[in-house]
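Architecture and fold: a report
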Amino acid sequence: MFGELTSSDIANSISMLRSYHKGPIIVVEGVTDSRLYSKFVDREAVKIISAYSKENVRRSVSEVWGSRNDKKVIGILDADIDRLCGKTYNPPIFLPDKRDMETMLMSTRALEDVLAEYSEPELLESFEKNYGEVRDVVARSSYPIGLFMFISARDRMGFSFKNIDHSMFINRKTLAIDIRGMIEEVFSQSQNKGISKKELADMISEEEEVLTDPWIAVRGHDAVSVLAIGLSETFGSYNAKGIKNGQVSGALRLAFSFDYFEDTDLYRDTMKWSQKHNFVLWITR
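Residues numbered from 1 in each chain as written. Predicted model: local features only at pLDDT ≥ 70, side-chain atom pairs only at ≥ 80, totals over all residues. Heavy atoms only, no water.

Remarks on helix H9 (residues 179–188)
Put simply, the rule is: When accessible area is computed with a 1.4 Å probe and restricted to protein chains, residues below 20% of their type maximum are described as buried, those above 50% as exposed, and intermediate ones as partly exposed. Secondary structure elements are defined from DSSP: runs of H or I of at least 4 residues count as helices, runs of E of at least 2 residues count as strands, and each element is numbered from the N terminus. Whether two residues are in contact is decided by their heavy atoms: any pair within 4.5 Å suffices.
Among all positions of H9, only Gly181, Met182, Ile183, Glu185, Val186 and Phe187 are buried. Buried positions along H9 lie against helix H8 (134–154) and helix H10 (197–210).

Written out as structure tokens, the structure reads:
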């Protein structure tokens, strides 16, 4: 049902909402985005609408802002591979600091809070002594997947990354990625695209050389999967055994406090915009 909604449907919902709500409206991609940002608004004064797709956010906000002259609406959407492609957006569309919501959370101290809850201190200390900080390890093990996704989209290869099994190519002890194993796993989920695995490995390596910030390429789904493997198999405490991706994502959202949000570019940019247009978007202390 949600997949059938169009940007016009979302724009119409916003217009209908205006019959009783005169305050700001935030349009986001999905339910989990709504859950996160609702923590930081006065729910009576600010409404959050899920548009169920990136294009629905972009188009519906453009329509109500332009054609319908509604200046108290903003959209927040994931960057995905847009930054890798050099694509930018202008207000009232805003992007999280990293590639998507989950990677933005993981780049803050919310990650340390989750580790404090679910890791065994001695095991975590030993892991980080041998392999580096968990945040950096997760990024190193995730960004090659994001680069593969970028290459596939750029060159219209059509590979599928939806159902890949990260345990097939992530080392459970070190969390290091086996890039050839990752390529093999993606191939197993996709039709033969007429390109060799070695060619793809070389292309990923070439993109790595020009990547300035790994988090631009890291997809949240992959980062969460790698972290879940680490917690379940390597440095987690008894309450992390068998932890699922959804639990890790939920824990990161719960740990992401207003203090952490206040320190993001997304907060600063949207605050500046809302003040310019004379409305209050986020809660204040």
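So, next bit.
Observations concerning the sheet that holds strand E4 (residues 93–94)
For the record, the criterion: If DSSP finds at least two bridges between two strands, the strands pair.
What the four strands build is an open sheet, ordered E2-E1-E3-E4; its pairing is parallel. Edge strands, defined here as strands with exactly one partner in the open sheet, are strand E2 (47–50) and E4. The pairing of strand E3 (residues 73–76) with E4 spans two bridges and is parallel. Residue pairing in the sheet places Gly75 in a bridge with Ile93 of E4.

Some thoughts on the pattern of salt bridges
Which entries qualify depends on this criterion: By definition, a salt bridge exists where a carboxyl oxygen of Asp or Glu is found within 4 Å of a side-chain nitrogen of Lys or Arg.
Scanning the model with the defined rule gives 16 salt bridges in all. Residues Glu63 and Arg68 are paired through a salt bridge, measuring 2.6 Å at the closest nitrogen-oxygen approach. Note that Glu233 is salt-bridged to Arg172, the shortest N-O span being 3.3 Å. In this pair, Glu233 sits in helix H12 (residues 220–233) while Arg172 sits in the loop between H8 and H9, placing the two residues 61 residues apart along the sequence. Overlapping salt bridges bring together Lys54, Asp80 and Asp82 as one network.

These results come straight from atomic positions and should not be treated as a statement about function.
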